[in-house]
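Chain residues, written in single-letter form:
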Amino acid sequence: MSDTPFGFGLPPEEPEDGDEGKKKDQQSGGGQGPANPFGFGGLPGAGGFGGPGADNPLAAMFGSLNPSDLGAAFQQLGQMLSYEGGPVNWDMAKQIARQTVAQGAPDGTKDASVGPSERRAVEEAVRLADLWLDDATSLPSGSASAVAWSRAEWVEATLPAWQELVDPVAERVGAAMGDVLPEEMQAMAGPLIGMMRSMGGAMFGTQIGQAVGVLAGEVVGSTDIGLPLGPARKAALLPANVEAFGKDLGVPQEEVRLYLALREAAHQRLFAHVPWLRSHLFGAVDGYARGIKVDTAKLEDVVGQFDPQNPEQLQDALQQGMFQPEDTPEQKAALARLETALALVEGWVDAVVHAAAKPRLGSADALRETLRRRRATGGPAEQTFATLIGLELRPRRLRDASRLWASLTDARGVDGRDGLWAHPDMLPTATDLDDPDGFVHREQMDFSELDKMLGEAAGGGHGKPDLRKKDDEAEDADEGKGDDAE
C-alpha cells in the first residue's frame with residue numbers, strides 16, 4: 001500500500017508531467033504529512049475518535065465530543081474532504097493512480113514516454129495482425145488506429161470505463177455510510193452525512209486509484225480484462241509491459257508483440273462489429289453488483305475504530321472487502337450470465353487468434369498457454385477490485401468456451417461461428433458450455449427474418465458481414481421467405 005493513503009502527501013517519485021503534476025497535487029490537497037492525512041491537528045478526546053464500550057461505533061466515535069468540538073472537527077475535516085461530486089472522488093483516483101505509476105511496477109520497471117520507434121513497431125504489429133485475422137474471422141477490422149501507450153497514458157484513457165464500472169457500487173456504500181449513524185443523530189447530522197459520503201468518496205478514490213495504478217504496470221493492452229476499457233476502435237499496446245511480459249519466455253520480442261497485437265485487434269473487431277456487446281457486458285456487471293449487499297456491521301466497525309493517527313488501519317479494513325453477494329437464485333443467475341459472457345468473449349478471441357497465429361508463429365502454442373494461465377490467475381490489482389466491488393473480472397470457463405468456438409468453426413465454418421454474435425439470444429449459455437457438442441450439432445434455426453430486421457434497424461448495414469446462419473435444410477424449408485438481409 002502507499003505510504004500516503006489518501007493521496008495528500010507528495011509522491012515518492014515526481015509525476016511524469018513534472019511541475020504540472022506538482023501543481024495538480026497541491027490543488028488536490030498535497031503537502032500534508034502521511035501521519036495526519038486529514039489535517040485535524042489536536043482533536044478533543046485524545047486517542048482519536050471512539051471510545052470503548054459503546055453500543056454503536058459511531059456513537060462512540062462522536063459521543064465524547066461536545067457540540068462545539070464536533071463543529072470544529074467537521075470544519076477541519078471539511079477543509080480536506082470538500083469533494084461534492086459523485087460517489088467516488090475520481091480526481092483523487094487519477095492523482096493516486098499517476099503517483100502509483102510513477103513509483104514503478106513491482107518488477108522494478110519504471111514508466112517512460114513511448115518513443116517513435118516503439119510507436120512504429122506497435123502500428124506495424126497491429127497492421128500485420130489485422131491481415132492475419134482476415135483469414136480467421138468474418139468480422140472486418142475494428143481498429144481505426146493503433147497506438148502505443150505509456151502506463152500513465154493507459155490510466156488516462158481507461159478511467160472513464162472504470163468510472164462506469166465502479167460508481168454504482170460506490171453509490172450504495174456512500175449511502176450505507178450515512179445509514180450507520182445513530183438514529184438520534186439523523187435529524188441533526190445533515191452536514192455529517194454529507195461529510196461521511198465525502199469520506200466514502202475519498203476512500204474509494206484512494207483504493208481505485210491505487211488499483212488502477214498497479215494494474216497499469218501489468219496490462220499489455222486496452223482489453224486485457226475482457227472489457228473494452230479504452231476508446232472505441234483504437235487498438236493499444238503498452239511497449240514497456242509487452243517487453244516485461246516476454247522477458248523470460250524465450251520467445252523473440254517481435255513474436256510476443258505480434259501475438260499480443262493479434263489479441264488486441266481481435267477484441268477490437270468483436271466490440272466494433274457487435275454493437276450490443278459492450279452494453280451487454282457492462283449491464284451484466286451492473287446487474288451482478290446490484291445484488292451485492294454492503295456489510296454494514298463491518299462498515300460500522302471500520303468507521304467506529306477509525307484513528308486519525310493510524311489511517312492505514314482504515315485502508316487495511318477496506319482491503320478485506322465490505323461486500324457480500326446475496327445468496328439468492330437471482331444473484332446466482334446474474335453471476336452465471338456475467339461469467340458466461342466474459343468467457344464467450346475471451347474464448348472467441350482465444351480461438352480466433354490461435355487459428356491466425358498457429359500456421360505462422362512457432363511460439364503460438366507457448367504464448368497461448370501463457371496468456372491462458374495469466375488470465376486465469378489474475379494479479380494483485382485484480383484482487384483489489386474484487387474486494388472493492390465484490391467481483392472478479394475473470395473468465396472462469398475460458399477453456400470450455402474456446403473449445404466450443406473451435407468446434408463451431410469445424411462444424412459450421414467461420415461464417416457460421418461468427419454469425420452467432422448477431423444477437424445475444426443466439427449465443428451459447430452456461431449450460432451449453434457444459435455440453436458443447438450438443439450445442440454445436442443442435443438443429444440450426446433460420447434467423448433470416450431476425451437478420452433482416454437487424455439490418456433494417458441498422459440502416460441497411462452496408463459493409464457489414466452477412467451474419468445469417470442457415471443450413472441447407474432450413475433454406476429449402478423456408479424457400480418462400482425473404483433471405484436477403486441487406
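Engineer: Mind showing me how you'd approach the overall build of the protein chain here?
Structural biologist: A count of helices and strands for the protein chain gives 21 helices and 4 strands. Looking at the 486 residues of the protein chain, the share that counts as buried comes to 51%. Pairs at least 24 residues apart make up 80% of the contacts formed inside the protein chain by residues separated by at least 6 positions. Total accessible area on the protein chain is roughly 21600 Å²; 50% of this is exposed by carbon and sulfur atoms.

Engineer: Got a minute to help me understand the packing of aromatic side chains in this structure?
Structural biologist: Enumeration over the complete set of coordinates arrives at 3 aromatic pairs. Relative to Trp-421, the ring of Trp-276 has its centre 6.4 Å away and its plane inclined at 35 degrees; by these criteria the two rings are tilted. Highlighted residues: Trp-276 in the loop between helix H10 (253-273) and helix H11 (277-290) and Trp-421 in the loop between helix H17 (398-418) and helix H18 (430-434), separated in sequence by 145 residues. Overall, the relative accessible area of 16% leaves Trp-276 in the buried class. Residue class for Trp-421 comes out buried when judged on its relative accessible area of 2%. Judged by centre distance (6.4 Å) and plane angle (90 degrees), the rings of Trp-348 and Trp-421 are edge-to-face. Placement of the pair is Trp-348 in helix H14 (residues 329-357) and Trp-421 in the loop between H17 and H18, with a sequence separation of 73 residues. Exposure class is identical for Trp-348 and Trp-421. Each is buried. Grouped by ring-pair contacts, the aromatic residues Trp-276, Trp-348, Trp-405 and Trp-421 constitute a single cluster. The cationic tip of Arg-278 hangs over the ring face of Phe-282; the distance from NZ or CZ to the ring centre is 4.2 Å.

Engineer: Hey, could you run me through the side chain of Thr-158 in this one?
Structural biologist: Structurally, Thr-158 can be placed in helix H6 (residues 151-179). At 2.9 Å, the side chain of Thr-158 forms a polar contact with the backbone oxygen of Trp-154. If sequence neighbours within four positions are ignored, Thr-158 has contacts with Leu-229 and Gly-230.

Engineer: It is not clear to me how the packing of H14 against H17 should be interpreted in this structure. Could you clarify?
Structural biologist: Two measures define how a pair of helices packs: the angle their axes make with one another and the distance between the axes. Between H14 and H17, whose axes approach to 8 Å, the crossing angle comes to 65 degrees. As for the relative orientation of H14 and H17, their crossing is right-handed in sense. From H14, Ala-343, Leu-344, Glu-346, Gly-347, Trp-348, Asp-350, Ala-351 and Val-352 reach across to H17, where they touch Leu-398, Ala-401, Ser-402, Trp-405, Ala-406, Arg-417 and Asp-418. Looking at side-chain class alone, the contact of H14 with H17 contains 9 nonpolar, 2 polar and 4 charged residues.

Engineer: Which parts of the structure should I look at to understand the environment of Arg-172?
Structural biologist: The residue Arg-172 is located in helix H6 in this model. For Arg-172, a relative accessible area of 29% puts it in the partly exposed group. Residues Arg-172 and Pro-87, spaced 85 residues apart in sequence, show a C-alpha to C-alpha distance of 8.4 Å.

Engineer: Looking at this model, I keep getting lost on the pattern of salt bridges. Mind explaining?
Structural biologist: Opposite charge on two side chains allows them to pair when their charged atoms are near. Taken as a whole and judged by the stated rule, the model has 18 salt bridges. Notably, a salt bridge pairs Glu-156 with Lys-94, separated by 3.1 Å at the nearest N-O pair. Here the residue Glu-156 occupies a position in helix H6, and Lys-94 occupies one in helix H4 (residues 90-103), the gap between them amounting to 62 residues. Lys-358 is the partner of Asp-365 in a salt bridge, and the nearest nitrogen-oxygen pair spans 2.5 Å. The exposure class of Asp-365 is partly exposed, given its relative accessible area of 39%. You can call Lys-358 partly exposed: its relative accessible area is 43%. Through salt bridges with shared partners, a single ionic network connects Arg-397, Asp-400, Arg-403 and Asp-434.

Engineer: Sorry, what's going on with the packing of H14 against helix H15 (residues 364-377) here?
Structural biologist: Viewed as axis vectors pointing N to C, H14 and H15 meet at an angle of 165 degrees, and their least axial separation amounts to 10 Å. By the angle class used here, H14 and H15 are roughly antiparallel. The chirality of how H14 crosses H15 is right-handed. Taking contact as the criterion, the partners of Glu-346, Asp-350, Ala-351, His-354 and Ala-357 in H14 are, on H15, Ala-364, Asp-365, Arg-368, Arg-372 and Arg-375. Of the residues belonging to the contact of H14 with H15, the class tally is 3 nonpolar, 1 polar and 6 charged.

Rules of the game
Residues numbered from 1 in each chain as written. Predicted model: local features only at pLDDT ≥ 70, side-chain atom pairs only at ≥ 80, totals over all residues. Heavy atoms only, no water. Helix = DSSP H or I, 4+ residues; strand = E, 2+ residues; numbered from the N terminus. Buried < 20%, exposed > 50% of the residue type's maximum accessible area, 1.4 Å probe, protein only. Contact = heavy atoms within 4.5 Å. Areas by Shrake-Rupley, 256 points an atom, 1.4 Å probe, with all protein chains shown as cover. Phe/Tyr/Trp six-rings, centres within 6.5 Å; stacked < 30°, edge-to-face > 60°. Lys NZ or Arg CZ within 6 Å of the ring centre and 35° of its normal. Polar contact = N/O pair within 3.5 Å; in protein donor to acceptor, adjacent residues only side chain to side chain. Axes fitted to C-alpha atoms, helices over the stretch in contact; angles between N-to-C directions. Left-handed = near helix turned anticlockwise from the far one by under 90°. Nonpolar A, V, L, I, M, F, W, Y, C, P; charged D, E, K, R; others polar. Salt bridge = Lys/Arg side-chain N within 4 Å of Asp/Glu carboxyl O. Parallel < 35°, antiparallel > 145°, perpendicular 65-115°, else oblique.

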